[in-house]
Amino acid sequence: MTAATRPSFGMDPELQKKIGFTILALVIYRVGAHIFAPGVNVQALSDFIRNSAAAGFFGLYDMLGGGLSRATVFALGIMPYISASIIFQLVGGVVPTIGKMQKEEEGRKTLTQWTRYMTVFIAFAQAYTFTLFTESIPGAVANPGFASRTVMVVTLTVGAIFVMWLGEQITERGIGNGMSLLITFSILDRLWPGLVQMVGFWREGALSI
């Protein structure tokens, strides 16, 4: 059966292609969110965060697409890009030049590039800060030092850059609005285990509705 005669189930072939690409990108995103950064004792890190005063912050950050509590390669998630975008949105309301650029096509392209640069800077700063935090936890890093710190910072920074690129690819080649899709998919991925657990409690009679 040729491509011309292959059934499309009433769906436009171009739309099928976009949906397929989006699904593939989301799968890659979630797979990366479960790969641990090298040299980190994830159990020690998770236990420390779970019992710390900042557990709520880490939980919220992870729900929005990060993986700090498990030190994954995509630990920073999409938040560096979101932060960079918010910064330029705020600056646009204060600096007339930036505000004017936001209203022009060429200006928006320039701001998009600046946002990418800002994302790299924010990702590096967050990666370095998180690495220092991880090293301060007893037993969380097997061999703390310059080499392991460099590997960790580079891994997290590159992971954040890849997530940004993945979101842009979904916007351009997928069904659009890639950044929002990544966040939504992350939230649903976090909510699903909780819903399954709640149903289990309800069936066992431990929860009444």
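One can find the structure itself at the top, above this paragraph.
Below is a summary of the structure that appears in this document. Note on numbering: residues in each chain are counted from 1, in written sequence order. Since the coordinates come from a predicted model, pLDDT governs what is reported: local features require at least 70, and pairs of side-chain atoms require 80 or more to be given and counted, while whole-chain, interface and lining totals use all residues. Note: side-chain values were computed over all heavy atoms of the structure, leaving out hydrogens and water.

**As for the overall build of the chain**
- Each helix is a run of DSSP H or I of at least 4 residues and each strand a run of E of at least 2, with the numbering of both proceeding from the N terminus. Counting its regular elements, the chain contains 8 helices and 0 strands.
- Counted from the first residue to the last, the chain has its helices and strands arranged as α-α-α-α-α-α-α-α.
- When accessible area is computed with a 1.4 Å probe and restricted to protein chains, residues below 20% of their type maximum are described as buried, those above 50% as exposed, and intermediate ones as partly exposed. The 209 residues of the chain split such that 36% are buried.
- For the chain, long-range pairs separated by at least 24 residues make up 66% of all intrachain contacts whose partners lie at least 6 apart in sequence. Working rule for contacts: check all heavy atoms of both residues, and any pair within 4.5 Å makes them a contact.

**Observations concerning the nonpolar core**
- The biggest cluster of nonpolar side chains holds 34 residues, and the ones touching the most others in it are Leu76, Ile78 and Phe130.
- Elements that contribute at least two residues to this core include exactly α1 (13-32), α2 (42-50), α3 (55-63), α4 (79-92), α6 (105-135), α7 (146-173) and α8 (178-204).
- Broken down by element, this core gets its largest block of residues, 8 residues, from α7.
- With residues up to four places along the chain from it excluded, the contact list for Ile78 reads Leu64, Val163, Met164, Met179, Leu182 and Ile183. Among buried residues, those of type Ala, Val, Leu, Ile, Met, Phe, Trp, Tyr and Cys that are joined through side-chain atoms within 4.5 Å constitute a nonpolar core.

**A closer look at α1**
- A helix's residues, less one, multiplied by 1.5 Å, set its expected span. In a regular helix each residue adds 1.5 Å, so 20 residues correspond to 28 Å; α1 covers 29 Å between its end C-alpha atoms and thus fits that length.
- Among the residues of α1, Phe21, Thr22, Ala25, Leu26, Tyr29, Arg30 and Gly32 are the ones counted as buried. Relative to the axis of α1, the buried residues are bounded by an arc of 165° and lie together on one face. In this structure, α1 carries Pro13 and Lys17 as exposed residues pointing more than 90 degrees from its buried face. Throughout, the arc means that of the directions going from the helix axis to the C-beta atoms.

**Description of the packing of α1 against α7**
- Orientation of α1 relative to α7, taken along the N-to-C sense of each, is 170°, at an axis distance of 9 Å. Taken together, α1 and α7 sit at an angle that is classed as roughly antiparallel. α1 and α7 meet at a crossing whose hand is left-handed. Two secondary-structure elements touch here, α1 through Lys18, Phe21, Thr22, Ala25, Leu26, Ile28 and Tyr29 and α7 through Phe162, Val163, Leu166, Gln169, Ile170 and Arg173.
- As a working rule, the residues Ala, Val, Leu, Ile, Met, Phe, Trp, Tyr, Cys and Pro are called nonpolar, Asp, Glu, Lys and Arg charged, and the rest polar, with Gly in that last group. Residue classes in the contact of α1 with α7 are distributed as 9 nonpolar, 2 polar and 2 charged. To obtain an axis, a line is fitted to C-alpha atoms, over the contacting stretch when the element is a helix, and the angle between two such axes runs from 0 to 180 degrees between their N-to-C directions. Note that the term roughly parallel is reserved for angles under 35 degrees, roughly antiparallel for angles over 145, roughly perpendicular for angles of 65 to 115, and oblique for everything else. By the definition used in this description, the sense in which the near helix is turned from the far one sets the handedness, with an anticlockwise turn below a right angle giving left-handed and a clockwise turn giving right-handed.

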